[in-house]
Amino acid sequence: MTTMTKSAAALPLNTILDGDCIEVMNALPEASVDLIFADPPYNLQLRGDLVRPDNSRVDAVDDEWDQFASFKAYDDFTRAWLKAARRLLKPNGAIWVIGSYHNIFRVGAALQDAGFWILNDVVWRKSNPMPNFRGKRFTNAHETMIWAGKDENAKYTFNYEALKALNEGIQMRSDWVLPICTGHERLKDEKGDKAHPTQKPESLLHRVLVGSTNPGDVILDPFFGTGTTGAVAKMLGRDFIGIEREEAYRKVAEKRISKVRKFDKEALETSVSKRAEPRVPFGQLVERGMLRPGEELYSMNGRFKAKVRADGTLIGSDVKGSIHQVGAAYEKAPSCNGWTYWCFKREGKKVPIDILRQQIRAEMNT
């Protein structure tokens, strides 16, 4: 990996670019990025040091890059980088922006003003948050991420089944309980101090990238820091572009990412929705002789049966039509998934017809 200058003309995949994020983004090819993950300055507006009850100093965010003269200055900066980011997104691209109560509401308004279409706000609830040492407010135990499409009609990527699998078969909710960086994951500099005050955990980026990108997609992080986005993207077989103006952060990120190994191809495969799988007409089972005209199908509940016809329809005692129509008519239901409703018998055992469809799909994928 190399650090490149902000004048790079081609799309510099798997590279950390040096420079101001707005200038660098404006120099990159238009409509070239699939997803942007942005962790911009929060504009924390700290006034003096933070101390614990024992008078020890808290290592808070007091870096120059988080200092803005006013809300207007921060808003102007936000609108400028969002404009540059939107230019880079492909027509069906999307963006994630993370922030705290200090800035996320202002960023959300700027996103909408820029033409982005908000899809979800996701609450990252920290399982091990830093306590409120002064005891004058609630413990700030969460941050908010906004997920938005490039515009209202963008066909963004959403790997619903993969996220459901990550969540033990339950639909993924918009509140994520994940720990902040601690222990071995927290990167340190040569002095043993935190390499970056707001390093995000890899678990957070893992969920974002598995859920909203595919292998081979290009992920841009305009506030790259110590490279969490790049490290997770590399592991998951995605390409990344990082932009970071602070040399110290770039060095840490380069060293970190150089040690990352990409998962093998089989490990990168994720669960997909049945709707995304190749369509197989029931008639194809008949054409290929997997089911014969005149063969009887049985409802899985054992209450009904119907005969297969040469054109791939079914005929019952008083109804005929597709596998879906006949099943719905028998059950007096508005609709029916015929693939899961019907079965055939082999050696006296019931076999769902969906087994035959999956055989054909496996051949198609091969």
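Values in this document were obtained by computation on a predicted structure and should not be read as measured data.

**Some details on the sheet that holds strand β10 (residues 296-299)**
Consideration 1: The strand order across the open sheet formed by 6 strands is β13-β12-β11-β10-β14-β15, and the pairing between neighbours is antiparallel. Among the strands making up the open sheet, the edge pair consists of β13 (320-321) and β15 (349-352).

**Quick look at unusual backbone geometry**
Consideration 1: Positive phi, normally seen in glycine, also occurs at K332, with a value near 50°.
Consideration 2: With respect to the element layout, K332 can be found in the loop between α10 (323-331) and α11 (338-341).
Consideration 3: Judged by relative accessible area, which is 78%, K332 ranks as exposed.
Consideration 4: Positive phi, normally seen in glycine, also occurs at E347, with a value near 55°.

**Some remarks on the pattern of salt bridges**
Consideration 1: Applying the stated criterion across every chain yields a total of 16 salt bridges.
Consideration 2: Residue D75 is joined to R106 by a salt bridge in which the shortest nitrogen-to-oxygen separation is 2.8 Å. Residue D75 is located in helix α2 (residues 71-88), and its partner R106 is located in helix α3 (residues 104-113); the two are separated by 31 residues in the primary sequence.
Consideration 3: Classification of D75 as buried rests on a relative accessible area of 14%.

**What to know about the nonpolar core**
Consideration 1: Counting residues in each nonpolar core, the largest one holds 34 residues, and the members touching the most others are W96, M145, W176, L204, V208 and L209.
Consideration 2: The dominant element in this core, judged by the number of residues it contributes, is helix α5 (residues 202-212), at 5 residues.
Consideration 3: If near-sequence neighbours (up to four positions away) are discounted, M145 is found in contact with F37, W96, V97, I98, N120, D121, V122, W176, L204 and V208.
Consideration 4: Of all hydrophobic cores here, the second largest spans 31 residues; its members include I36, F77, I95 and V107.

**Side note on the packing of helix α6 (residues 228-235) against helix α7 (residues 247-258)**
Consideration 1: Where α6 meets α7, the closest approach of the two axes is 9 Å, and the angle between their N-to-C directions is 15°. The angle between α6 and α7 places the two elements in the roughly parallel class. Relative to α7, the crossing made by α6 is right-handed. For the pair α6 and α7, contact is made by T228, G230, A231 and K234 and by R256, I257 and S258, respectively.
Consideration 2: Looking at side-chain class alone, the contact of α6 with α7 contains 2 nonpolar, 3 polar and 2 charged residues.

**A few points about the confidence of the model for the chain**
Parts of the prediction with low pLDDT should not have their coordinates interpreted in detail.
Consideration 1: Chain-level statistics for the chain give a pLDDT mean of 87 and a share of 89% at 70 or above.
Consideration 2: Predicted confidence is poor over residues 47-53, with pLDDT under 50, and the contacts of this stretch with residues over four places away or in other chains come to 16 contacts.
Consideration 3: Note that residues 55-61 has pLDDT below 50 and, in this model, 20 contacts with residues that lie over four places away or in other chains.

**Considerations on the pairing of strand β3 (residues 33-38)**
Consideration 1: Where burial is concerned, most of β3 is hidden: 6 out of the 6 residues are buried.
Consideration 2: One ladder, built from 2 bridges, connects β3 with strand β8 (residues 218-221); its direction is parallel. Looking across to β8, one finds that I36 is bridged to L220.

**Examining the pairing of β15**
Consideration 1: Note that strand β14 (residues 342-346) and β15 share 4 bridges and pair antiparallel. Bridging across to β15, F344 finds its partner in V351.
Consideration 2: Once β14 ends, the chain turns through 2 residues before running back antiparallel as β15, passing E347 with a positive phi of about 55°.

**Structural notes on α6**
Consideration 1: Taking burial as the measure, the 8 residues of α6 include 7 buried ones, the bulk of the element.
Consideration 2: Taken together, the buried positions of α6 are T228, T229, G230, A231, V232, A233 and M235.
Consideration 3: For α6, the elements touching its buried residues are β3, α5, β8, β9 (239-243), α7 and α8 (265-268).

**As for the packing of aromatic side chains**
Consideration 1: Scanning all chains against the criterion turns up 13 aromatic pairs.
Consideration 2: On the basis of an interplanar angle of 5° and a centroid distance of 4.5 Å, the ring pair of F304 and Y330 is categorised as stacked. With F304 in the loop between β10 and β11 (305-308) and Y330 in helix α10, the pair connects residues that are 26 residues apart, well separated along the chain.
Consideration 3: Put simply, the rings of W96, W147, Y156, F158, Y160 and W176 pair up and form one aromatic cluster.
Consideration 4: A cation sits over an aromatic face here: K126 above W124, 5.2 Å from the ring centre.
Consideration 5: In this structure, R207 packs its charged tip against the face of W176, placed 5.0 Å from the ring centre.

What counts as what
- Residues numbered from 1 in each chain as written.
- Predicted model: local features only at pLDDT ≥ 70, side-chain atom pairs only at ≥ 80, totals over all residues.
- Heavy atoms only, no water.
- Pairing = 2+ DSSP bridges.
- Helix = DSSP H or I, 4+ residues; strand = E, 2+ residues; numbered from the N terminus.
- Buried < 20%, exposed > 50% of the residue type's maximum accessible area, 1.4 Å probe, protein only.
- Salt bridge = Lys/Arg side-chain N within 4 Å of Asp/Glu carboxyl O.
- Core = buried A, V, L, I, M, F, W, Y, C linked by side-chain atoms within 4.5 Å.
- Contact = heavy atoms within 4.5 Å.
- Axes fitted to C-alpha atoms, helices over the stretch in contact; angles between N-to-C directions.
- Parallel < 35°, antiparallel > 145°, perpendicular 65-115°, else oblique.
- Left-handed = near helix turned anticlockwise from the far one by under 90°.
- Nonpolar A, V, L, I, M, F, W, Y, C, P; charged D, E, K, R; others polar.
- pLDDT = per-residue confidence, 0-100.
- Phe/Tyr/Trp six-rings, centres within 6.5 Å; stacked < 30°, edge-to-face > 60°.
- Lys NZ or Arg CZ within 6 Å of the ring centre and 35° of its normal.

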